[in-house]
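Observations on the model geometry
These are the residues of each chain, in order.
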Amino acid sequence: QLPDLGPLQGLADGLQALQGRAEAAFVSACDVPLLVPALVERLVTSLADCQVAVPVVGGRYHPLAAVYRVDVVETARNLLAANRRRLLDLLDAVRTRCVTAAELADVDPTFRSLANLNTPQDYVAAAAGR
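Now for a look at the structure at hand. Source: prediction; values computed, not measured. (Residues numbered from 1 in each chain as written. Predicted model: local features only at pLDDT ≥ 70, side-chain atom pairs only at ≥ 80, totals over all residues. Heavy atoms only, no water.)

1. Considerations on helix H3 (residues 73-81)
How we decide: Exposed residues in this analysis have more than 50% of their type's maximum accessible area, buried residues have under 20%, and partly exposed residues fall in between, with area computed by a 1.4 Å probe over protein chains only. Only DSSP runs of H or I with at least four residues qualify as helices, and only runs of E with at least two residues qualify as strands; both kinds are numbered from the N terminus onward. What the arc measures is the spread of directions leading from the helix axis to the C-beta atoms.
Among the residues of H3, Val-73, Ala-76, Leu-79 and Leu-80 are the ones counted as buried. Buried residues of H3, viewed axially, fall in a sector of 120°; they line one side. With respect to the buried face of H3, the exposed residues turned more than 90 degrees away are Glu-74 and Ala-81. Just beyond H3, the residue with positive phi is Asn-83, at close to 60°.

Below, the structure written as structure tokens:
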């Protein structure tokens, strides 16, 4: 394993650790304190026969708020070996189910689960509903 390969390396390592212990995992950034558990449940049920279920809201993919089957680890490692380090490269390489805003709105109407809060001020504003 090489350092500084970003989220795809972290994803590959985490999924490797889950081999034989789980079929899939919800992957989240560390700066989403307003995550709604029902959104996670919706993504898990949306996975069906795909390898990834990823929210797509406002035309933007959210690969750090997605469910990944552990069997994508080999594809992730192959991408890393080819110096393709973007999570979006993985989404393109495997069977990915894009879960739309309309499919998530009933469980997280403001999509706060997808909001990255990087400062205390971001958190205060989000908690206040701004």
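Further notes follow.
2. Side note on the nonpolar core
Counted only if it meets this: The nonpolar core is taken to be a set of buried Ala, Val, Leu, Ile, Met, Phe, Trp, Tyr and Cys residues, with the residues joined through side-chain atoms within 4.5 Å. Only heavy atoms enter the contact rule, under which two residues are in contact if any of them lie within 4.5 Å.
Of all hydrophobic cores here, the largest spans 21 residues; its most connected members are Leu-8, Leu-11, Leu-15, Val-52, Tyr-68, Val-72 and Leu-90. Within the residue set of this core, elements represented by two or more residues are helix H1 (6-17), strand E1 (24-28), strand E2 (52-57), strand E4 (65-69), H3 and helix H4 (87-93). Leave out the neighbours within four places in its chain, and Leu-8 touches Ala-76, Leu-79, Leu-80, Arg-84, Arg-85, Arg-86, Leu-87 and Leu-90. Counting twelve residues, the second largest nonpolar core, distinct from the first, contains Val-57, Ala-65, Val-107 and Phe-111.

3. Things to note about the environment of Val-56
Looking at where Val-56 falls in the secondary structure, it is placed in strand E2. Distance in space between the C-alpha atoms of Val-56 and Leu-39 is 13 Å, their sequence separation being 17 residues. Excluding anything up to four places from it in sequence, Val-56 contacts Tyr-61, Cys-98, Val-99, Thr-100 and Ala-101.

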